Amino acid sequence: MQNINNNQLVYSTDGGSLCPDCHCPVKQCKCKKEKIVSSGKGDGIIRIARQTKGRKGKGVCIISGFSMPADELKQLAAKLKAKCGTGGTVKDGTIEIQGDNRDKLKAELEKIGYKVKIAGG
């Protein structure tokens, strides 16, 4: 006979999606604030590249190389978007700013204290 007293929980939708690290519901995740977003080569240099691929010819500036928490990255993106007067977003640890604003972005990031290089042509 099989063991009928097996009380192990197999699946529950009670809490919704669970965090893979702390196994708490995503809305109540304890480790979400501590996660650090890292992209780029990790050499401490921020790279600004212009890209039009997949955007029907419209260019964006891709800023990569940050190693900071996601919420701080969003705040920095908001500051840079306001400085350039354009829109943008944060995706996969990089900041995308609409238009060709590489010179403005470089000056602003250097003023904050980052080492910045313009990548590409």
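Above this text you will find the structure in question.
Below is a short write-up of the structure. Just so we're clear, the structure is a prediction, and the values are computed from it rather than from any experiment.

### Concerning the sheet that holds strand E5 (residues 88–91)
And step 1. Pairing is mixed across the open sheet formed by five strands, whose spatial order is E5-E6-E3-E2-E7. The sheet terminates laterally at E5 and strand E7 (115–119), the two strands that pair on one side only. Averaged over all adjacent pairs, the angle separating strand axes in this sheet is 20°, with direction ignored.
And step 2. Relative to E7, strand E2 (residues 45–51) is paired through five bridges, and the arrangement is parallel. Directly across from Ala49, in E7, lies its bridge partner Ala119.
And step 3. Across the sheet, helix H1 (residues 70–84) touches strand E3 (60–64), E5 and strand E6 (94–98), and the angle it forms with E6 is around 20°.

### Focus on the pairing of E5
And step 1. With four bridges connecting them, E5 and E6 associate as antiparallel partners. Within E6, the residue paired with Thr89 across the bridge is Glu96.
And step 2. Connecting E5 to the antiparallel partner E6 that follows it, the hairpin turn spans two residues, and Asp92 within it adopts a positive phi of roughly 50°.

### What to know about unusual backbone geometry
And step 1. Not every positive phi belongs to a glycine, and Asp92 is a case in point at roughly 50°.
And step 2. For Asp92, the location among the structural elements is in the loop between E5 and E6.

### Regarding helix H2 (residues 102–112)
In an α-helix, one turn spans 3.6 residues; hence positions three or four apart end up facing the same way.
And step 1. Residues of H2 that are buried: Arg102, Leu105, Glu108 and Leu109. All buried residues of H2 lie within an arc of 135° about the axis, which places them on one face of the element. Exposed side chains of H2 directed beyond 90 degrees from the buried face belong to Asp103 and Lys111.
And step 2. Against E2, E3, H1, E6 and E7 lie the buried residues of H2.
And step 3. Among the residues trailing H2, Gly113 stands out with phi positive, at a value near 125°.

### Some points on the packing of aromatic side chains
And step 1. Taken as a whole and judged by the stated rule, the model has one aromatic pair.
And step 2. Considering the side-chain rings of Phe66 and Tyr114, the 5.7 Å spacing of their centres and the 90° angle between planes classify their relative orientation as edge-to-face. Residue Phe66 is located in the loop between E3 and strand E4 (67–69), and its partner Tyr114 is located in the loop between H2 and E7; the two are separated by 48 residues in the primary sequence.
And step 3. Residue class for Tyr114 comes out partly exposed when judged on its relative accessible area of 26%.

About the criteria used
Residues numbered from 1 in each chain as written. Predicted model: local features only at pLDDT ≥ 70, side-chain atom pairs only at ≥ 80, totals over all residues. Heavy atoms only, no water. Pairing = 2+ DSSP bridges. Helix = DSSP H or I, 4+ residues; strand = E, 2+ residues; numbered from the N terminus. Axes fitted to C-alpha atoms, helices over the stretch in contact; angles between N-to-C directions. Contact = heavy atoms within 4.5 Å. Buried < 20%, exposed > 50% of the residue type's maximum accessible area, 1.4 Å probe, protein only. Arc of directions from axis to C-beta. Phe/Tyr/Trp six-rings, centres within 6.5 Å; stacked < 30°, edge-to-face > 60°.

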